[in-house]
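Summary of structural features
What follows is each chain in one-letter form.
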Amino acid sequence: MKPPVVFILGGPGAGKGTQCTHIIEKYGYTHLSAGELLCDERKDPYSRYGELIEKYIKDGKIVPVEITISLLKREMDPTMAANAKKNKFLIDGFPRNQDNLQGWNKTMDGKADVSFILFFDCNNEICIERCLERGKSSGRSDDNRESLEKRIQTYLRSTKPIIDLYEEMGKV
Ligand code: UDP
Ligand code: MG
């Protein structure tokens, strides 16, 4: 059986990570945050992609999918091999654009089944306020007003159409 995957989408600060923490307690999914995996990779001094990732994140842009997918796969493969019961994934903050979706389909087709999308619909002003509040202690280089304006634009321009696409398929 192919492992089921639920994509978690919504604007920056919509509450994706927070709700995933609750969901895994109750439903036993394995939670993977694409954004957190990228941040961890950025911090790894041996990574070839550190600088590139930092630039994209600060600019609110979407990192090339090859990098994101390789990080997701690096987490998923051993989990799937080690424990069939943990074979259900919440993938948080992905896919964020067409490039992400195509990359996923190309690499994961036949290996995992996207069950549905969980969409956290939160208005932009509240999203910005929450991230600014979080920025006081998160240490994230993108939780500031300048990056946030860009992240919201990227969300509206690139991510929302992906949610709409799944909506048309009746999968949201
Ligand atoms: N990001 C990306 N590809 C992904 C997920 C995240 O490029 O698949 C980058 C993007 O620059 C984004 C940042 O990582 O703005 C932070 O993403 P995260 O999901 O952590 O932010 P959140 O929406 O949870 O605040
Ligand atoms: Mg998050």
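Residues numbered from 1 in each chain as written. Chains lettered and ligands numbered in written order. Predicted model: local features only at pLDDT ≥ 70, side-chain atom pairs only at ≥ 80, totals over all residues. Heavy atoms only, no water.

An unreviewed UniProt entry annotates the protein chain as UMP-CMP kinase-like of Leptonychotes weddellii. Within the UniProt record for the protein chain, the comment given under Sequence similarities (unreviewed entry) is "Belongs to the adenylate kinase family." Looking at the Subcellular location (unreviewed entry) heading of the UniProt record, one finds this comment for the protein chain: "Cytoplasm". (UniProt positions renumbered as here; feature names shortened; annotations may be inferred.)

With that out of the way, let us pick up the sheet that holds strand S3 (residues 89-92). If you trace the four strands from one edge of the open sheet to the other, you get S2-S3-S1-S4, paired in parallel fashion. On the outer flanks of this sheet lie strand S2 (30-33) and strand S4 (113-120), each paired with one strand and no other. Across this sheet, the average inter-strand angle for adjacent strands is 20 degrees, counted without regard to direction. Pairing of strand S1 (residues 4-10) with S4, which is carried by seven bridges, proceeds in the parallel orientation. What sits directly across from Ile8, in S4, is Leu118. Packing of helix H1 (residues 16-27) onto the sheet brings it into contact with S1, S2, S3 and S4, and relative to S3 it is tilted by some 170 degrees. (Pairing = 2+ DSSP bridges. Helix = DSSP H or I, 4+ residues; strand = E, 2+ residues; numbered from the N terminus. Axes fitted to C-alpha atoms, helices over the stretch in contact; angles between N-to-C directions. Contact = heavy atoms within 4.5 Å.)

Taken together, 20 residues surround ligand 1, and among them Lys16, Lys61, Val63, Arg134 and Arg151 come closest. Backbone polar atom of Lys61 to an oxygen atom of ligand 1: 2.6 Å apart, as the coordinates give it. Between ligand 1 and Arg151 there is a distance of 2.8 Å, counted from an oxygen atom to a side-chain nitrogen or oxygen. Notes on ligand 1: free accessible area 530 Å², of which the protein chains cover 96%. (Near = heavy atom within 4 Å. Polar contact = N/O pair within 3.5 Å; in protein donor to acceptor, adjacent residues only side chain to side chain. Areas by Shrake-Rupley, 256 points an atom, 1.4 Å probe, with all protein chains shown as cover.)

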